[in-house]
Amino acid sequence: MRVALINPTPIDHYSPCIRTLAAYLKQHGHEVRLVFLPADNYTTRFQPGFIKQMKQTLVEDLVELMADCDLVGVSFLTAQFDVAVQATRAIQKAYPDKAICWGGFHPTTMPQQALEFVDMVCVGEGEEALLELADTLEAGEDPTAIQNFWFKTADGRVVSNPHRPLIQDLDTMPFQDFTLEDDWTWEPKTAAKLVKIEWDFFKHIVPTYPDRNGDLRISYKTMITRGCPHKCSYCGVAFNHQLYEGQKYLRRRSVEHLVGEIKQVIRKFPEIGIIHFQDDVFFSTSTEEIEKFGEVWKREVGLPFRAQCSPATINEAKYKALIDAGLCFTELGIQTGSSETMRMYKRGMTNEQLLKAVNIISKYRDHIQVPDYHMILDNPWESTEDMMKGLRLICTLPPPYNLLPSSLIAYPGTEFFYKAMEDGFVTDEYNQVYRASFHVPKGSYLNFLFFLTLFNNLPKEVVLWLANERFVRRLNQRRYDRMWGRMYQAGEVARKAQRFADFATKGKLLEITSLRELKRVANQMK
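Undergrad: Just checking my understanding: could you explain the packing of helix α2 (residues 56-65) against helix α3 (residues 81-94) for this structure?
TA: Any two packed helices are characterised by the angle at which their axes cross and by the distance between the axes. Two elements in contact, α2 and α3, have axes whose closest approach is 10 Å; the angle formed by their N-to-C orientations is 55 degrees. Judged by the inter-axis angle, α2 sits oblique to α3. Relative to α3, the crossing made by α2 is right-handed. On the side of α2, the interface is formed by Val59, Leu62 and Val63, while α3 contributes Gln86, Ala87, Ala90, Ile91 and Ala94. Counted by class, the contact of α2 with α3 contains seven nonpolar, one polar and no charged residues.

In structure tokens form, the structure reads like this:
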């Protein structure tokens, strides 16, 4: 059977779900076509409620690619909902009898809504379930008893099947499919047509990141884990913990299995020069396991790598072992400086742990590029004083760092989704949630002060002076929000010009292929 897996995706094309599904289906004898659709909302981040739609010519190409496929799967997140619906409806119109299913995190959290658009929805982990669906359809049998699937029958009845156990031994799974055998994506300049992916073209699309010396390297993204140890109220991981209650949700591959994947992809694409681990919390294992990883990585791979951590999982022994192994960049989730908000977020950590983690990272700053620290703004349940605690915390952190402020979006699957509607903060879930951009916090005086901390050369004393109670009381009013939003946009332009100049002086300007890449890389360059 030929299966098409469609993924509306950001520009980096990082799609571990469908690449792993493709590898699993191929391992069991099915043909797979991967199709990536443009669903990046970064360029429209200053246009709240923007409905992302593909150009008609690209939709026509998509329909044509589906002609010889027996089963179509569409996997997506909430922010990609509009593109997923557009693609689904176009395929259904052209091929009314074609089997189409939805999967991914949004359909998992909203299966009843998904059944308004398709007749089959995969809920939760998909490898074994999708394989069984493909085998069953190929045999011409009734699929409505397949675990992990919801179905809408011909008579309108909804069948919700139980979940099969999570795959605990990740070493039994194939590496994500990065063969580019039958992969398609949009032509980047116009996004008006689909083109077959070839490496000479694709290597200019995947992100490049700086190593310790500032040299830009083509990246490969992967994960060693599935799951996350935390159950933060703003994140959908808590939903998955509940979905698989009683099972071990955080699972980890062996170092040997991971190294096998990296060696395989580097043999095929030797220009790859840096590995980006996308695990929610790469550090979420014992110090001994991290030290083992470092030893094997140095001996078998030797490439620089990037990783994310949380304050609750980092210690100096782990960090030093990873630095010795080639760690060159770290992301850390701070999210808030208020203990009250921390409890609301169910982070299970303290400001003391946050500062300890930051100090560990800062101690090894000569070995890494500028770290990213994440901060959540626009929490409607957070008081002004709690926001000020976060700002004061940020201003005490040792530089340099790159602050990544984001807007709290009450996505489906998070604890805040229904709470925001019950409390009246969300009255239009499509425009206020699905089409909201977390890249850009809303216009407000306090948010603008957080934005000012992105300028590492601006003394933090100036930010704290602007944050005195008299200014905040006067300027942090809704009637000024639009002005502060415009100031934020103007500041983004100023920062872009600064980054442009920085790269010019470092002699690396010609290595940058887009303004977005310039922003991403220059933030992290010393």
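Text resumes after the structure shown.
Undergrad: I'm lost on the pattern of salt bridges in this one. Help?
TA: Any two side chains of opposite charge can pair, on the condition that their charged atoms come close. Per the stated rule, a full pass over the model turns up 30 salt bridges. Across the pair Glu125 and Arg226 runs a salt bridge whose closest N-O atoms are separated by 2.8 Å. Of the two residues, Glu125 is situated in the loop between β5 (120-122) and α6 (127-138) and Arg226 in strand β12 (residues 225-226); the sequence distance between them amounts to 101 residues. Of the two residues, Glu125 and Arg226, neither departs from the other in class, the shared state being buried. Linking Lys320 and Asp324 is a salt bridge whose minimum nitrogen-to-oxygen distance equals 3.1 Å. Residue Lys320 and its partner Asp324 are located together in helix α11 (residues 316-325), separated by four residues, close to a single helical turn. A relative accessible area of 40% places Lys320 in the partly exposed class. What makes Asp324 partly exposed here is its relative accessible area of 42%.

Undergrad: Before we go on, may I ask you to explain the packing of aromatic side chains in this structure?
TA: For any pair of aromatic rings, geometry is given as the distance between the ring centres together with the angle between the planes. Inspection of the entire model under this criterion finds 37 aromatic pairs. Arranged with centres 5.1 Å apart and planes meeting at 85 degrees, the rings of Phe178 and Tyr220 form a pair that is edge-to-face. Of the two residues, Phe178 is situated in the loop between β7 (158-160) and β8 (183-186) and Tyr220 in strand β11 (residues 216-222); the sequence distance between them amounts to 42 residues. With a relative accessible area of 12%, Phe178 lands in the buried category. The class of Tyr220 is buried, set by a relative accessible area of 2%. Clustering of aromatic rings is evident, with ring pairs tying together Phe277, Phe282, Phe283, Phe293, Trp297, Phe305, Tyr319 and Tyr364.

Undergrad: Honestly, helix α14 (residues 384-396) in this entry has me stumped. Any pointers?
TA: Think of an α-helix as turning once every 3.6 residues; residues three or four places apart then point the same way. Taking 1.5 Å per residue as the helical rise, α14 with its 13 residues ought to reach 18 Å, and the 19 Å between its terminal C-alpha atoms agrees with that figure. All buried positions along α14 are accounted for by Asp386, Met387, Met388, Gly390, Leu391, Leu393, Ile394 and Cys395.

Undergrad: Just checking my understanding: could you explain the state of the cysteines for this structure?
TA: As used in these notes, a disulfide is a covalent bond between sulfur atoms, one from each of two cysteines. On inspection of all chains with the given rule, the structure shows zero disulfides. Its sulfur unpaired, Cys101 is 7.0 Å from the next cysteine sulfur, which belongs to Cys122. Judged by relative accessible area, Cys101 falls into the buried class, the value being 4%.

Undergrad: So what exactly am I meant to see when it comes to the sheet that holds strand β14 (residues 272-277) here?
TA: Hydrogen bonds between backbone groups are what pair the strands of a sheet, and the pairing can be parallel or antiparallel. In spatial order, the strands read β10-β11-β14-β15-β16-β17-β18; together these seven strands make up an open sheet with mixed pairing. A strand with exactly one partner marks an edge of an open sheet, and here the two such strands are β10 (208-210) and β18 (402-407). Each strand axis lies, on average, 30 degrees off the axis of its neighbour in the sheet, ignoring direction.

Undergrad: Would you take a moment to explain the side chain of Thr414 for this structure?
TA: Its location among the elements puts Thr414 in the loop between β18 and α15 (416-422). Among the polar contacts made by the side chain of Thr414, one reaches the main-chain carbonyl oxygen of Tyr411 at a distance of 2.6 Å. Excluding anything up to four places from it in sequence, Thr414 contacts Ser233, Tyr234, Cys235 and Gly236.

Undergrad: Where do I start with the pairing of strand β6 (residues 149-152) in this structure?
TA: Side chains on a regular strand alternate between the two faces of the sheet. Of the strand pairs in this sheet, β5 and β6 are connected by three bridges, and their pairing is antiparallel. Pairing of Met120 across the sheet is with Phe151, part of β6. Of the strand pairs in this sheet, β6 and β7 are connected by three bridges, and their pairing is antiparallel. Across the sheet, the residue bridging to Lys152 is Val158, located in β7. Where β6 folds back onto β7 in an antiparallel hairpin, the turn is made up of five residues, including Gly156, whose phi is positive at roughly 85 degrees.

Undergrad: For this particular structure, what's the right way to read unusual backbone geometry?
TA: Most peptide bonds are trans, and most residues other than glycine sit at a negative phi. The peptide bond linking Pro399 to Pro400 adopts the cis configuration, its omega dihedral lying at -5 degrees. Here Pro400 shows up in the loop between α14 and β18. The backbone of Asn148 sits at a positive phi, close to 75 degrees, despite the residue not being glycine.

What counts and how
Residues numbered from 1 in each chain as written. Predicted model: local features only at pLDDT ≥ 70, side-chain atom pairs only at ≥ 80, totals over all residues. Heavy atoms only, no water. Axes fitted to C-alpha atoms, helices over the stretch in contact; angles between N-to-C directions. Helix = DSSP H or I, 4+ residues; strand = E, 2+ residues; numbered from the N terminus. Parallel < 35°, antiparallel > 145°, perpendicular 65-115°, else oblique. Left-handed = near helix turned anticlockwise from the far one by under 90°. Contact = heavy atoms within 4.5 Å. Nonpolar A, V, L, I, M, F, W, Y, C, P; charged D, E, K, R; others polar. Salt bridge = Lys/Arg side-chain N within 4 Å of Asp/Glu carboxyl O. Buried < 20%, exposed > 50% of the residue type's maximum accessible area, 1.4 Å probe, protein only. Phe/Tyr/Trp six-rings, centres within 6.5 Å; stacked < 30°, edge-to-face > 60°. Expected span 1.5 Å × (residues − 1). Disulfide = S-S within 2.5 Å. Pairing = 2+ DSSP bridges. Polar contact = N/O pair within 3.5 Å; in protein donor to acceptor, adjacent residues only side chain to side chain.

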